[in-house]
Amino acid sequence: MPLPPLVAFALLTGLVASLAGRQELRMSPRPIVLTRGFAAYVSYACLVVVPISVYFYVFHGDWFLLYMVDVNRIPSAIALIGFVGQAGLGALGFLFGALLVRNQREVVVGVIAAVVTIAGAALVLVYADRLGQVGTHAQYHGQFGLEAYTDGPLLTGALAMGGISLAGLGFLVARLWLTGRTT
């Protein structure tokens, strides 16, 4: 997954997690950041979403950044700030969703989650030409030595990382939903 859809995915997972943890959020008088649901979401973001972004950045960096910037020119501190920002955006999504859930506005959270999903899918469609070719920044802009997305290891990595992220999200949602029902 390239960066723009992964950013949308981080926001989406925060919103979905707030919906899944709605029982705890409604019943607990604690601040949202002190709930078990928030801790579980931050753990998911830091242990699943961010490492997936790091994988694509390290192994397929120019493709990950849609060939807009040469990954070799980005200082590592800037990349680190970007990864922390991605986790922070997901946490903000959880916080925003939790505020709406506490005000009994789950439908609004669902609509926002749907809009974020559509926006993430639209980004993939808009950049389909860039995503279909794999190479370095110089190869893409010079139009030489590129290989198709389906011909190299990127497809395998994307399938593996997509499966890990969805399995992790499924586990997170199940955990939040089930623990909310037992409290």
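Above this text sits the structure in question.
So, here is what we can say about the structure in this document. Just so it is clear, the structure is predicted and the values come from calculations on it, not from any experiment.

### As for the side chain of aspartate 62
Point 1. Mapped onto the elements, aspartate 62 comes out in helix H3 (residues 36–64).
Point 2. In this structure, aspartate 62 is buried with no salt-bridge partner, the nearest side chain bearing the opposite charge being arginine 73 at 9.1 Å.
Point 3. Here aspartate 62 is in contact with Tyr67, Val69, Asp70, Val71, Gly135, Thr136 and His137, once residues within four sequence places are set aside.

### Focus: the pattern of salt bridges
Point 1. Taken as a whole and judged by the stated rule, the model has three salt bridges.
Point 2. Among the ionic pairs, glutamate 24 bridges to arginine 36, the shortest N-O distance being 4.0 Å. In this pair, glutamate 24 is assigned in helix H2 (residues 22–27) and arginine 36 in helix H3, connecting sequence segments 12 residues apart.
Point 3. Its relative accessible area of 9% is what places glutamate 24 among the buried residues.
Point 4. Its relative accessible area of 36% is what places arginine 36 among the partly exposed residues.
Point 5. Arginine 26 serves as the salt-bridge partner of glutamate 106, at 1.6 Å between the closest nitrogen and oxygen. Within this pair, whereas glutamate 106 is found in helix H5 (residues 106–126), its partner arginine 26 is found in helix H2, the two being separated by 80 residues in sequence.
Point 6. Under the relative-accessibility criterion, glutamate 106 is labelled buried at 19%.
Point 7. Residue classification places arginine 26 among the partly exposed positions, given a relative accessible area of 39%.

### Focus on the packing of aromatic side chains
Point 1. Applying the stated rule across the entire model yields 10 aromatic pairs.
Point 2. Plain terms: the ring middles of tyrosine 67 and tyrosine 140 are 4.4 Å apart, the flat faces sit at 5° to each other, and that makes the pair stacked. Separated by 73 residues along the polypeptide, tyrosine 67 in the loop between H3 and helix H4 (76–102) and tyrosine 140 in helix H7 (residues 137–142) bring together distant segments of the chain.
Point 3. Taking relative accessible area as the criterion, tyrosine 140 reaches 10% and is therefore assigned buried.
Point 4. Ring pairs connect the aromatic residues Tyr55, Phe56, Phe59, Trp63 and Tyr149, which therefore count as one cluster.

### Comments concerning the nonpolar core
Soluble globular proteins tend to pack their nonpolar side chains together in the buried interior.
Point 1. Within the largest apolar cluster, 48 residues are counted, with the highest numbers of intra-cluster contacts made by Tyr41, Tyr44, Phe56, Tyr57, Trp63, Phe94 and Leu172.
Point 2. Breaking this core down by element, the ones donating at least two residues are helix H1 (3–20), H3, H4, H5 and helix H8 (153–182).
Point 3. Examining the composition of this core, we find that 13 residues originate from one element, H3, more than from any other.
Point 4. Ignoring any residue separated from it by four or fewer positions in sequence, one finds tyrosine 41 in contact with Ala10, Thr13, Gly14, Ala17, Gly90, Ala91, Phe94 and Leu172.

### Here's the deal with the environment of proline 51
Point 1. Along the chain, proline 51 falls in helix H3.
Point 2. Put simply, proline 51 and glycine 21 are 30 residues apart on the chain and 24 Å apart in space, counted from C-alpha to C-alpha.
Point 3. Not counting residues up to four positions away in its chain, the partners in contact with proline 51 are Ala45 and Cys46.

### Here's the deal with the packing of H3 against H4
Point 1. Packing of H3 against H4 leaves a shortest axis separation of 9 Å and a crossing angle of 145°. Judged by the sense of rotation from one axis to the other, the crossing of H3 with H4 is right-handed. In this structure, H3 contributes Gly37, Phe38, Tyr41, Ala45, Val49, Val50, Ser53, Val54 and Tyr57 to the contact, and H4 contributes Ala79, Phe83, Gln86, Ala87, Gly90, Ala91, Phe94 and Leu95.
Point 2. The class makeup of the residues in the contact of H3 with H4 is 13 nonpolar, four polar and no charged.

### Side note on the environment of isoleucine 52
Point 1. Within the secondary structure, isoleucine 52 sits in helix H3.
Point 2. With 109 residues separating them along the chain, isoleucine 52 and methionine 161 place their C-alpha atoms 6.3 Å apart.
Point 3. If sequence neighbours within four positions are ignored, isoleucine 52 has contacts with Leu6, Met161 and Ser165.

About the criteria used
Residues numbered from 1 in each chain as written. Predicted model: local features only at pLDDT ≥ 70, side-chain atom pairs only at ≥ 80, totals over all residues. Heavy atoms only, no water. Helix = DSSP H or I, 4+ residues; strand = E, 2+ residues; numbered from the N terminus. Buried < 20%, exposed > 50% of the residue type's maximum accessible area, 1.4 Å probe, protein only. Lys, Arg positive; Asp, Glu negative; His and termini not counted. Salt bridge = Lys/Arg side-chain N within 4 Å of Asp/Glu carboxyl O. Contact = heavy atoms within 4.5 Å. Phe/Tyr/Trp six-rings, centres within 6.5 Å; stacked < 30°, edge-to-face > 60°. Core = buried A, V, L, I, M, F, W, Y, C linked by side-chain atoms within 4.5 Å. Axes fitted to C-alpha atoms, helices over the stretch in contact; angles between N-to-C directions. Left-handed = near helix turned anticlockwise from the far one by under 90°. Nonpolar A, V, L, I, M, F, W, Y, C, P; charged D, E, K, R; others polar.

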